[in-house]
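Summary of the model geometry
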Amino acid sequence: MHARVNGFQMAYEDHGEGTPVLFIHGFPLHRKIWRPQVAALRDEFRVLTPDVRGHGESEATAGVYEMEWLADDIAALLRHLQCGPAVIAGHSMGGYILFAFYRKYPELARGLILVSTRAVADTAEGKANREALAQRVEREGHQPVVEKMLAPMLAEASVHTIPSLKQEVENMMREAALLGLAGASRGMAMRLDSAELLARINVPALIIAGTTDALIHYSESEKMAQAIPGARLHLLEGCGHLPSLEKAEEVSALMREWLREQSSK
Ligand code: MLT
């Protein structure tokens, strides 16, 4: 499905009924990273999975994709769907968008699920690397992103256990628009530090990370769990940066159990 929000065509899926749970994927992927969770949760919850602007099947626009801007897209989709407050889940860059969303639209979030993400901003070196990547994408296309991100995205063990996974993830990366890859790289570099926000989060939070994540170390999740009042942390042994696909059943079960608990309160 597509909706025209904030001046572009946003692709999304909307399944099931009940408490709305909106899942934001990370860079440079798309909504299908949540495929197992959609299948597992749609009989009990309303599961919304948009493609971020310039990713997957969502239209790309030129410019720097500031996280606040991408958060506005999510809020506009919720409005378009006439959906009230939702549990918002964010994977990696989706977590950065989630923090921007919570800062701007706290009344639209009834709970947060943070997957393989971090609250802190980029270092100066990290920002320079993002700009270099954006420029390479503009010159060379998808290849630099695939070279930089495919190998560290998945734990070796997952690549062996799920033979189709690496190709599936590479395909997702190649399905992003070049404008989207450059725009999101530059937008992530500009993101605010959300470490100060954590103590002020006053909705339930579930935090999930893999212990062999090579892109964002799981200690970032431990720090978020210490700082967010009442947060619950689950570390997945031997899982890389993409728990929703690497440990699909475990992640779906964790989410289902936690969402049920929140709904019964
Ligand atoms: C992601 O998975 O969204 C990225 O690894 C986030 C990042 O590059 O900081």
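Provided above is the structure to which this section pertains.
Now for a look at the structure at hand. The model shown is predicted, which means the values in this text are computed figures rather than measured ones. (Residues numbered from 1 in each chain as written. Predicted model: local features only at pLDDT ≥ 70, side-chain atom pairs only at ≥ 80, totals over all residues. Heavy atoms only, no water.)

Quick notes on the nonpolar core
To keep things clear, this is the line we draw: Nine residue types can take part in a nonpolar core, namely buried Ala, Val, Leu, Ile, Met, Phe, Trp, Tyr and Cys, and a core is a set of them joined through side-chain atoms within 4.5 Å. Residue exposure (1.4 Å probe, protein chains only): buried if accessible area is under 20% of the type maximum, exposed if over 50%, otherwise partly exposed. Any pair of residues with heavy atoms lying within 4.5 Å of one another is described as a contacting pair.
Residues M93, I97, F101, V169, I201 and M255 are the most contacted members of the largest nonpolar core, which totals 87 residues. Residues within four places of V169 in sequence aside, it is in contact with L29, L150, M153, L154 and L242.

Description of the site of the ligand
The condition that has to hold: Here a residue is near a molecule or strand as soon as one of its heavy atoms is found within 4 Å of it. In protein, a polar contact requires one atom able to donate a hydrogen and another able to accept it; more generally it is a pair of N or O atoms within 3.5 Å, and residues adjacent in sequence count only if both atoms are side-chain atoms. Working definition of accessibility: Shrake-Rupley area with a 1.4 Å probe, residue cover restricted to the visible protein chains. Each residue is assigned to one class: nonpolar for Ala, Val, Leu, Ile, Met, Phe, Trp, Tyr, Cys and Pro, charged for Asp, Glu, Lys and Arg, and polar for all the others, Gly among them.
Around the ligand lies a shell formed by G26, F27, S92, M93, Y96, R118, R130, M149, M188 and H241. At 2.8 Å from an oxygen atom of the ligand is found a main-chain nitrogen or oxygen belonging to F27. Contact between the ligand and R130: an oxygen atom at 2.7 Å from a side-chain N or O atom of the residue. Protein contact buries 94% of the 270 Å² of open area that the ligand shows by itself. For the shell around the ligand, the per-class residue count stands at five nonpolar, three polar and two charged.

Description of the packing of aromatic side chains
Selection criterion: Centres within 6.5 Å are what make two rings of Phe, Tyr or Trp a pair, Trp counting through its six-membered ring; a difference in plane orientation under 30 degrees is then read as stacked, over 60 as edge-to-face, and the rest as tilted. Numbering of helices and strands runs from the N terminus; a helix is a DSSP stretch of H or I covering at least four residues, while a strand is a stretch of E covering at least two.
Following the criterion strictly, the structure yields three aromatic pairs and no others. Geometrically, the ring pair formed by F23 and W34 is tilted, given 4.8 Å between the ring centres and 45 degrees between the ring planes. In this pair, F23 sits in strand β3 (residues 20–24) while W34 sits in the loop between β3 and α1 (35–41), placing the two residues eleven residues apart along the sequence. Here F23 and W34 have matching classes, each one buried. Centroid distance Y65 to W69: 5.7 Å. Interplanar angle 80 degrees. Geometry classified as edge-to-face.

A few points about helix α9 (residues 219–227)
Let me state the cut-off plainly: In this description, one arc is meant: the one made by directions from the helix axis to the C-beta atoms.
All buried positions along α9 are accounted for by E220, S221, M224 and A225. On an axial view of α9, the arc spanned by its buried residues comes to 140 degrees, and they lie on one face. Where the residues of α9 are buried, they touch α3 (93–104), β6 (109–115), β7 (205–210) and β8 (232–236).

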